[in-house]
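# Architecture at a glance
This is what each chain is made of:
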Amino acid sequence: MSSARVSSPPSIDIFCSVIDNFGDAGVCWRLARQLANEHGCVPRLWLDRPEVLAALRPGAGGDCIDGVYIGDWHQAALAEPADVVIEAFACNPPPDYVKYIDEKPRPPVWINLEYLSAERWVEGSHLLPSKHPQLGLSKYFYFPGFSAATGGLLKEAQLDTQRQQFQADPQAQQTFWRGCGVSAPAADTLRISLFAYENAALPALLDAWAQGAQPIHCAVPVGRLLPTIGVWCGDAQLQAGSVIERGKLRLVILPFLSQQDYDRLLWACDLNFVRGEDSFVRAQWARQPFVWHIYQQDDDAHRIKLDAFLARFDEGLAAPAQRALGDFWHAWEAQQGAAQCWPAFATQLPALRHHTANWAERIAVYGDLCSRLLIFCAGLLE
Ligand code: TRH
């Protein structure tokens, strides 16, 4: 399905409350930017932690950037509510704003953009309305997902073209690595990007990489892994630009990249370790093998989510590759045994590369989340 455009773009308010890390702002910013770039909207993104956005989009300090108006969450009630209100991850827009929209003669379409999950129940809940307990308003659950019965995934119309051009252009890749402050990896190296939560399995995995036969270039953007890596290599001062050489492993610390450069990093690597939600999706569009460090939830609910994804992803993958993938992902999630699973996993990387590219084709068929969300809202606004 190609990306569709609704005839006259509605006004849109997106509410984002940052719970932790970068994913909440990352998803909202990506959606807002696509609404502006591809659908002629001028969305307003109401944020409670603008500094998180500034990390993803350097320069995002002013009022309007890349066609998106950035507003202070606490000031939202002063503005005229938009035609469409998107609250991300059940963040509950400010009560004054909600009261205001309730009083409007024609209330806006109110969407609760939910977390991504591959679980089957999501398909039965996507687009269900839910009445506000006090006000007469309904909000609609919008679930991203991996099937036609869900709301799809965020994907920009030009993403594949940009990726193909970058991957076919060694000069662009050299320039990219240099821009990150490190030299480009040698031709025979396995290029790995590493973005994860703290993980007790990491030191042994780094040892395995250092002691293996294959030269490895591992790029780590500054973040939560640095203390563990610092202990592993005996350097408490690691920072962007640091390079650690141990046996066959060359570990380079990158600055935290803009969202667009982070895509380039995923495209420039042969294997990507990702986490949370947005980087997990971007790794799939990068069409390279990836390892998911899922966000930990109470009662181990995340393990069900992880297996639900693997069940979908495994379809069509040969049994040895399925086993190697499942073993490595589970070991990484459990934070033990990843080093032991590495050799079998590394052997399957060519098969996984081929499979991930097919998977990306398969899930792109359901249409991109931004276009589908707009079409749904346009239907309700008619
Ligand atoms: O940062 P995350 O762990 O975010 C989230 C939040 O924890 C959230 O509360 C939780 O609900 C969700 O995970 C599941 O992981 P995520 O989602 O991958 O977001 C990271 C964002 O940061 C993503 O947009 C990519 C971006 N990024 C950069 O722009 N530059 C970088 O250098 C890196 C490493 C990431």
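The rules we used
Sequence positions are assigned chain by chain, starting from 1 and proceeding in written order. With the structure being a predicted model, the display of local features is reserved for residues of pLDDT at least 70 and the display and counting of side-chain atom pairs for 80 or more, all residues being used for whole-chain, interface and lining totals. By convention in this description, side-chain values take in all heavy atoms of the structure and omit both hydrogens and water. Whether a residue is near a molecule or strand depends on its heavy atoms: it is near if one of them lies within 4 Å of it. Polar contacts here mean pairs of N or O atoms no more than 3.5 Å apart (in protein, one a potential hydrogen donor and the other a potential acceptor; neighbouring residues in sequence count only if both atoms are side-chain atoms). All accessible-area figures derive from a Shrake-Rupley calculation using a 1.4 Å probe, and residue coverage is judged against the displayed protein chains alone. The helix and strand labels rest on DSSP assignments: H or I over at least four residues marks a helix, E over at least two residues marks a strand, and numbering proceeds from the N terminus. Here the nonpolar group is Ala, Val, Leu, Ile, Met, Phe, Trp, Tyr, Cys and Pro; Asp, Glu, Lys and Arg are the charged ones; every other residue, Gly included, is treated as polar. Boundaries of every domain are those given by an automatic assignment or by a domain database. For Phe, Tyr and Trp, where Trp contributes only its six-membered ring, two rings pair if their centres lie within 6.5 Å, and the inter-plane angle classes them as stacked under 30 degrees, edge-to-face over 60, or tilted in between. Relative accessibility under 20% of the residue-type maximum defines a buried residue, over 50% an exposed one, and the middle range a partly exposed one, all with a 1.4 Å probe and only protein chains included. Salt bridge, as used here: a side-chain nitrogen of Lys or Arg that lies within 4 Å of a carboxyl oxygen of Asp or Glu. In short, DSSP must find at least two bridges between two strands for them to pair. Fitting a line to C-alpha atoms yields each axis, with helices limited to the stretch in contact; the angle taken between N-to-C directions then spans 0 to 180 degrees. In this analysis, two residues are considered to be in contact whenever any of their non-hydrogen atoms come within 4.5 Å of each other. Viewed with both strands pointing away, a crossover whose connecting path from the first strand over the helix to the second turns clockwise is right-handed. By convention, the term buried area covers the 1.4 Å-probe accessible surface removed from two parts as they join, with the contributions of both added.

By nearness alone, 22 residues border the ligand, and Asp20, Tyr197, Leu257, Asp278 and Ser279 come closest of all. Note that an oxygen atom of the ligand is positioned 2.6 Å from one of the side-chain N or O atoms of Asp20. Between the ligand and Glu277, the relevant distance is 2.8 Å, taken from an oxygen atom to a main-chain nitrogen or oxygen of the residue. Within the complex, the protein chains bury 97% of what would otherwise be the 710 Å² of accessible surface of the ligand. Considering each element in turn, the shell around the ligand owes the most residues, three residues, to helix H1 (residues 23-39). Taken together, the residues of the shell around the ligand break down into ten nonpolar, seven polar and five charged. Looking at which domains feed residues into the shell around the ligand, each of domain 1 (12-154 + 367-381) and domain 2 (159-364) supplies at least three.

Quick look at the packing of aromatic side chains now. Tallied over the full model, the rule gives 36 aromatic pairs. With centroids separated by 5.9 Å and ring planes inclined at 70 degrees, the aromatic side chains of Trp209 and Phe273 adopt a geometry described as edge-to-face. Of this pair, Trp209 sits in helix H7 (residues 202-211) while Phe273 sits in strand S13 (residues 271-275), placing them 64 residues apart in sequence. A relative accessible area of 1% places Trp209 in the buried class. By relative accessible area, which is 0% here, Phe273 ends up buried. A centroid spacing of 4.5 Å and a plane angle of 5 degrees characterise the contact between Phe328 and Phe345, whose relative ring orientation is stacked. On the criterion of sequence distance, the pair formed by Phe328 in helix H12 (residues 319-334) and Phe345 in helix H13 (residues 338-347) is long-range, its members being 17 residues apart.

As a further point, take the pattern of salt bridges. Tallying each qualifying case throughout the model produces 21 salt bridges. Its salt-bridge partner being Glu123, residue Arg312 comes within 3.0 Å of it at the nearest N-O pair. You can see Arg312 sitting in helix H11 (residues 301-313) and its partner Glu123 sitting in helix H4 (residues 121-125), a full 189 residues away along the chain. A relative accessible area of 24% places Glu123 in the partly exposed class. Two residues, Arg264 and Asp261, come together in a salt bridge whose shortest N-O distance is 2.6 Å.

Turning our eyes to something else, we now look at the sheet that holds strand S10 (residues 216-221). Overall, mixed pairing links the six strands, which are arranged S11-S12-S10-S9-S13-S14 in an open sheet. Edge strands, defined here as strands with exactly one partner in the open sheet, are strand S11 (243-246) and strand S14 (290-293). The average undirected angle you get between the axes of adjacent strands in this sheet is 15 degrees. Sheet topology note: the S10/strand S12 (residues 249-254) ladder contains six bridges and is parallel. Note that in S12 the partner of Ala219 across the bridge is Val252. Each of S10, S11 and S12 is contacted by helix H8 (residues 226-233), which is oriented at about 45 degrees to S11, the strand it contacts most.

Once that is clear, we can look at the pairing of S12. Taken across its six residues, S12 has six buried, putting it largely inside the fold. Of the two faces of S12, the one lined by Leu249, Leu251 and Ile253 and the one lined by Arg250, Val252 and Leu254 are each fully buried. With four bridges joining them, S11 and S12 adopt antiparallel strand pairing. Bridge assignment links Ile244 to a residue of S12, and that residue is Leu251. Connecting S11 to the antiparallel partner S12 that follows it, the hairpin turn spans two residues, and Gly247 within it adopts a positive phi of roughly 55 degrees.

A few words now on unusual backbone geometry. Positive phi outside glycine occurs at Leu127, with the angle close to 75 degrees. Position of Leu127 among the secondary structure elements: in the loop between H4 and strand S7 (129-131). Leu127 gets classed as partly exposed once you look at its relative accessible area, which sits at 28%. Backbone geometry at Gln335 places phi at a positive 65 degrees, although glycine is not the residue there. Of note, Gln335 is situated in the loop between H12 and H13.

It is worth spelling out the side chain of Asp278 at this point. In this fold, Asp278 is placed in helix H10 (residues 278-286). Among the polar contacts listed, one links the side chain of Asp278 to the side chain of Arg30, at a separation of 2.8 Å. Not counting chain neighbours up to four residues away, the residues in contact with Asp278 comprise Gly26, Val27, Arg30 and Gln259.

All right, on to the pairing of strand S9 (residues 190-194) then. Counted residue by residue, S9 has four buried out of five residues, so it is predominantly covered. Bridge count for S9 against S10 is four bridges, and the pairing is parallel. Following the sheet pairing, Ser193 is matched in S10 by Ala219. Tracing the backbone out of S9, into H7 and back to the parallel element S10 gives a crossover that is right-handed.

The next point concerns the domain arrangement of the protein. The domain architecture assigned to the protein consists of domain 1 (12-154 + 367-381) and domain 2 (159-364). Measuring from the centre of the C-alpha atoms in domain 1 to the corresponding centre in domain 2 gives 29 Å. When the two sides are added together, the surface that domain 1 and domain 2 hide from each other amounts to roughly 2,200 Å², 52% of it contributed by carbon and sulfur. Asp278 serves as the salt-bridge partner of Arg30, at 2.8 Å between the closest nitrogen and oxygen. Where domain 1 packs against domain 2, one counts ten residue pairs in polar contact (both at pLDDT 80 or more).

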